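The chain contents come next:
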Amino acid sequence: MPTRGEPSVAASRQWRDENGVRMPAGEVHAWHPGANQTMCGLALSRSRLLRFLHVRWPDVFPDSGGAAEGVNEVCEKCVAASGRRSPRGWSRP
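Residues numbered from 1 in each chain as written. Predicted model: local features only at pLDDT ≥ 70, side-chain atom pairs only at ≥ 80, totals over all residues. Heavy atoms only, no water.

Helix and strand counts for the protein chain stand at two helices and four strands. Secondary structure elements of the protein chain occur, N-terminal to C-terminal, as β-β-α-β-β-α. A total of 93 residues make up the protein chain; the buried ones form 37% of that total. Expressed as a percentage of contacts within the protein chain between residues at least 6 apart in sequence, the contacts between residues at least 24 apart total 50%. Put simply, the protein chain shows about 5700 Å² of open surface, and 46% of that area lies on carbon and sulfur atoms. (Helix = DSSP H or I, 4+ residues; strand = E, 2+ residues; numbered from the N terminus. Buried < 20%, exposed > 50% of the residue type's maximum accessible area, 1.4 Å probe, protein only. Contact = heavy atoms within 4.5 Å. Areas by Shrake-Rupley, 256 points an atom, 1.4 Å probe, with all protein chains shown as cover.)

Written as C-alpha coordinates, this is what we have:
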(Lines give C-alpha, C1' and ligand atoms only; values in the text may rest on other atoms or scores of the structure.)
Protein backbone atom coordinates (compact mmCIF):
# COMPACT_ATOMS: atom_id res chain seq x y z
CA MET A 1 0.00 0.00 0.00
CA PRO A 2 1.29 3.49 -0.80
CA THR A 3 2.96 5.50 1.93
CA ARG A 4 1.63 8.86 2.99
CA GLY A 5 2.36 11.45 0.33
CA GLU A 6 2.94 8.86 -2.40
CA PRO A 7 0.29 8.82 -5.14
CA SER A 8 -1.98 5.89 -5.83
CA VAL A 9 -3.51 5.14 -9.22
CA ALA A 10 -6.75 5.97 -10.99
CA ALA A 11 -7.45 4.27 -14.33
CA SER A 12 -10.00 4.12 -17.12
CA ARG A 13 -10.31 0.31 -16.95
CA GLN A 14 -9.40 -2.66 -14.78
CA TRP A 15 -8.34 -6.29 -14.99
CA ARG A 16 -7.88 -9.02 -12.39
CA ASP A 17 -4.59 -10.76 -11.70
CA GLU A 18 -4.25 -14.49 -11.05
CA ASN A 19 -5.26 -13.94 -7.40
CA GLY A 20 -8.42 -12.04 -8.36
CA VAL A 21 -7.03 -8.64 -7.28
CA ARG A 22 -8.26 -5.64 -9.29
CA MET A 23 -5.45 -3.95 -11.23
CA PRO A 24 -5.42 -0.76 -13.34
CA ALA A 25 -5.69 -0.89 -17.13
CA GLY A 26 -6.13 1.50 -20.01
CA GLU A 27 -5.14 5.10 -19.31
CA VAL A 28 -3.66 5.60 -15.85
CA HIS A 29 -3.33 8.74 -13.72
CA ALA A 30 -1.69 9.60 -10.39
CA TRP A 31 -4.15 10.26 -7.58
CA HIS A 32 -3.79 11.14 -3.91
CA PRO A 33 -6.30 9.32 -1.70
CA GLY A 34 -8.73 11.81 -0.22
CA ALA A 35 -8.57 14.09 -3.25
CA ASN A 36 -11.41 14.32 -5.77
CA GLN A 37 -9.11 14.77 -8.74
CA THR A 38 -6.00 13.33 -10.32
CA MET A 39 -2.66 15.13 -10.19
CA CYS A 40 -3.30 16.43 -13.73
CA GLY A 41 -6.64 17.92 -12.64
CA LEU A 42 -9.21 15.43 -13.95
CA ALA A 43 -12.26 15.06 -11.72
CA LEU A 44 -12.47 11.39 -10.71
CA SER A 45 -16.25 11.14 -10.90
CA ARG A 46 -16.74 13.09 -14.12
CA SER A 47 -13.96 11.20 -15.86
CA ARG A 48 -15.36 7.89 -14.58
CA LEU A 49 -11.91 6.84 -13.42
CA LEU A 50 -11.61 3.81 -11.16
CA ARG A 51 -9.54 4.21 -8.01
CA PHE A 52 -6.83 1.73 -7.03
CA LEU A 53 -5.77 2.67 -3.52
CA HIS A 54 -3.64 -0.50 -3.22
CA VAL A 55 -1.55 0.23 -6.35
CA ARG A 56 1.41 2.59 -6.06
CA TRP A 57 2.02 5.10 -8.87
CA PRO A 58 5.55 3.81 -9.65
CA ASP A 59 4.13 0.31 -10.22
CA VAL A 60 2.25 1.28 -13.41
CA PHE A 61 5.41 1.99 -15.40
CA PRO A 62 6.63 -0.81 -17.69
CA ASP A 63 10.11 -0.85 -16.16
CA SER A 64 8.65 -1.57 -12.70
CA GLY A 65 7.40 -5.07 -13.43
CA GLY A 66 4.53 -4.26 -11.07
CA ALA A 67 0.96 -3.53 -12.11
CA ALA A 68 1.82 -2.37 -15.64
CA GLU A 69 0.52 -5.39 -17.55
CA GLY A 70 -2.85 -3.86 -18.49
CA VAL A 71 -1.66 -0.27 -18.84
CA ASN A 72 -1.95 1.21 -22.33
CA GLU A 73 -1.06 4.82 -21.59
CA VAL A 74 0.43 6.76 -18.69
CA CYS A 75 -0.74 10.38 -18.32
CA GLU A 76 2.26 12.59 -19.05
CA LYS A 77 0.82 15.46 -17.00
CA CYS A 78 0.61 13.18 -13.96
CA VAL A 79 4.16 11.98 -14.63
CA ALA A 80 5.37 15.59 -14.61
CA ALA A 81 3.34 16.51 -11.52
CA SER A 82 4.64 13.50 -9.60
CA GLY A 83 8.27 14.24 -10.44
CA ARG A 84 8.71 10.83 -12.09
CA ARG A 85 10.79 10.62 -15.23
CA SER A 86 9.30 8.58 -18.05
CA PRO A 87 9.98 8.19 -21.76
CA ARG A 88 8.04 11.01 -23.39
CA GLY A 89 4.82 9.92 -24.97
CA TRP A 90 5.08 6.34 -23.73
CA SER A 91 2.18 4.08 -24.63
CA ARG A 92 1.84 0.34 -25.15
CA PRO A 93 1.98 -0.55 -28.87
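Once you've had a look at it, read on.
Moving on to the state of the cysteines. This structure, assessed with the given rule, holds zero disulfides. The thiol sulfur of C40 is not disulfide-bonded, and the nearest other cysteine sulfur, from C78, lies at 3.7 Å. Accessibility expressed as a relative area gives 0% for C78, which makes it buried. (Disulfide = S-S within 2.5 Å.)

This part covers the nonpolar core. Where a protein is soluble and globular, its nonpolar side chains tend to be buried together. With 16 residues, the main nonpolar core has V9, V28, V55, W57, V60, F61 and V74 as its most contacted residues. For this core, the elements supplying multiple residues, two or more each, are strand 1 (8-16), strand 2 (22-31), strand 3 (50-56), strand 4 (71-74) and helix 2 (76-82). Of all the elements, strand 2 adds the most residues to this core, at three residues. (Core = buried A, V, L, I, M, F, W, Y, C linked by side-chain atoms within 4.5 Å.)

In this section: the pattern of salt bridges. Applying the stated criterion across every chain, the model contains two salt bridges. R56 is the salt-bridge partner of E6, the closest N and O atoms lying 3.7 Å from each other. Of this pair, E6 sits in the segment before strand 1 while R56 sits in strand 3; the two residues are 50 residues apart in sequence, bridging distant segments of the chain. The closest approach of N and O atoms between R56 and D59, which form a salt bridge, is 3.5 Å. Taking relative accessible area as the criterion, R56 reaches 31% and is therefore assigned partly exposed. Within the structure, one salt-bridge network assembled from shared partners comprises E6, R56 and D59. (Salt bridge = Lys/Arg side-chain N within 4 Å of Asp/Glu carboxyl O.)

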